[in-house]
Amino acid sequence: MATVVVLAGFTDQGIRNVKETISRAEAFKEMAKKSGITVKDLYWTLGQYDVIAVCEAPDDEAATALSLSVSSRGNLRSQTLRAFSFDEMKTILGKMV
């Protein structure tokens, strides 16, 4: 499974309807589940990003499809980052030539 970190900020539409953020988060978790993705953690934050999600996806394509599906609803703009664990990074470094 690939770890992905989603950094999201509310759009104008999303902040106007911010009271729905919990129900939208629950919908996000259901969408993720249907895509074979597990939402490990979800946080609302202060600063540049309003929401951060840590997920495990079967592949980059599934993570990208979920990100596009969520963004197409118009409440968030997001960046999806592929994250590597300590052990994954050791493996990557071991493949360097």
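Just so you know, these numbers come straight off a predicted model, no measurement behind them. (Residues numbered from 1 in each chain as written. Predicted model: local features only at pLDDT ≥ 70, side-chain atom pairs only at ≥ 80, totals over all residues. Heavy atoms only, no water.)

## What to know about the pattern of salt bridges
Here comes step 1: Enumeration over the complete set of coordinates arrives at three salt bridges.
Here comes step 2: As a salt-bridge pair, aspartate 60 and arginine 82 come within 3.9 Å of each other at their nearest N and O atoms. In this pair, aspartate 60 sits in helix 3 (residues 60–71) while arginine 82 sits in strand 4 (residues 76–83), placing the two residues 22 residues apart along the sequence.
Here comes step 3: Of the residues examined, aspartate 60 reaches a relative accessible area of 43% and is grouped as partly exposed.
Here comes step 4: Owing to a relative accessible area of 32%, arginine 82 belongs among the partly exposed residues under this scheme.
Here comes step 5: Among the charged side chains, a salt-bridge network with shared partners connects Asp60, Arg82 and Glu88. (Salt bridge = Lys/Arg side-chain N within 4 Å of Asp/Glu carboxyl O. Helix = DSSP H or I, 4+ residues; strand = E, 2+ residues; numbered from the N terminus. Buried < 20%, exposed > 50% of the residue type's maximum accessible area, 1.4 Å probe, protein only.)

## Points about the layout of surface pockets
Think of a ball as big as a water molecule: rolled over the atoms, this probe shows where empty space is left.
Here comes step 1: Computed from the structure, the largest pocket encloses a volume of approximately 390 Å³.
Here comes step 2: Considering the residues around the largest pocket, the lining is formed by 25 residues, among which Arg24, Ala25, Phe28, Val70 and Leu76 are closest to the centre.
Here comes step 3: Every element with two or more residues in the lining of the largest pocket is listed here: strand 1 (2–10), helix 2 (21–34), strand 2 (38–44), strand 3 (51–57), helix 3 and strand 4.
Here comes step 4: Considering every element that reaches the lining of the largest pocket, the biggest residue donor is helix 2, with six residues.
Here comes step 5: Across the lining of the largest pocket, the residue classes break down as 19 nonpolar, four polar and two charged. (1 Å grid on protein atoms, 1.4 Å probe; cavity = no way out; pocket = protein on both sides within 12 Å on 5 of 7 lines; lining within 4 Å. Points joined across faces, edges and corners; volume = space filled by probe spheres on them. Nonpolar A, V, L, I, M, F, W, Y, C, P; charged D, E, K, R; others polar.)

## Quick word on the sheet that holds strand 4
Here comes step 1: The strand order 2-3-1-4 describes an open sheet built from four strands, whose pairing is antiparallel. At either end of the open sheet lies a strand with only one pairing partner, and these are strand 2 and strand 4. On average, each strand axis in the sheet is inclined to that of its neighbour by 20°, with strand direction left out of account.
Here comes step 2: In terms of strand pairing, strand 1 meets strand 4 through eight bridges, oriented antiparallel. Residue valine 6 lies in a different strand from strand 4, and its bridge partner there is threonine 80. (Pairing = 2+ DSSP bridges. Axes fitted to C-alpha atoms, helices over the stretch in contact; angles between N-to-C directions.)

## Overview of the environment of aspartate 59
Here comes step 1: Along the chain, aspartate 59 falls in the loop between strand 3 and helix 3.
Here comes step 2: Taking the relative accessible area as the measure of exposure, aspartate 59 reaches 34% and is therefore partly exposed.
Here comes step 3: At 2.7 Å, the side chain of aspartate 59 forms a polar contact with the backbone nitrogen of alanine 62. (Polar contact = N/O pair within 3.5 Å; in protein donor to acceptor, adjacent residues only side chain to side chain.)

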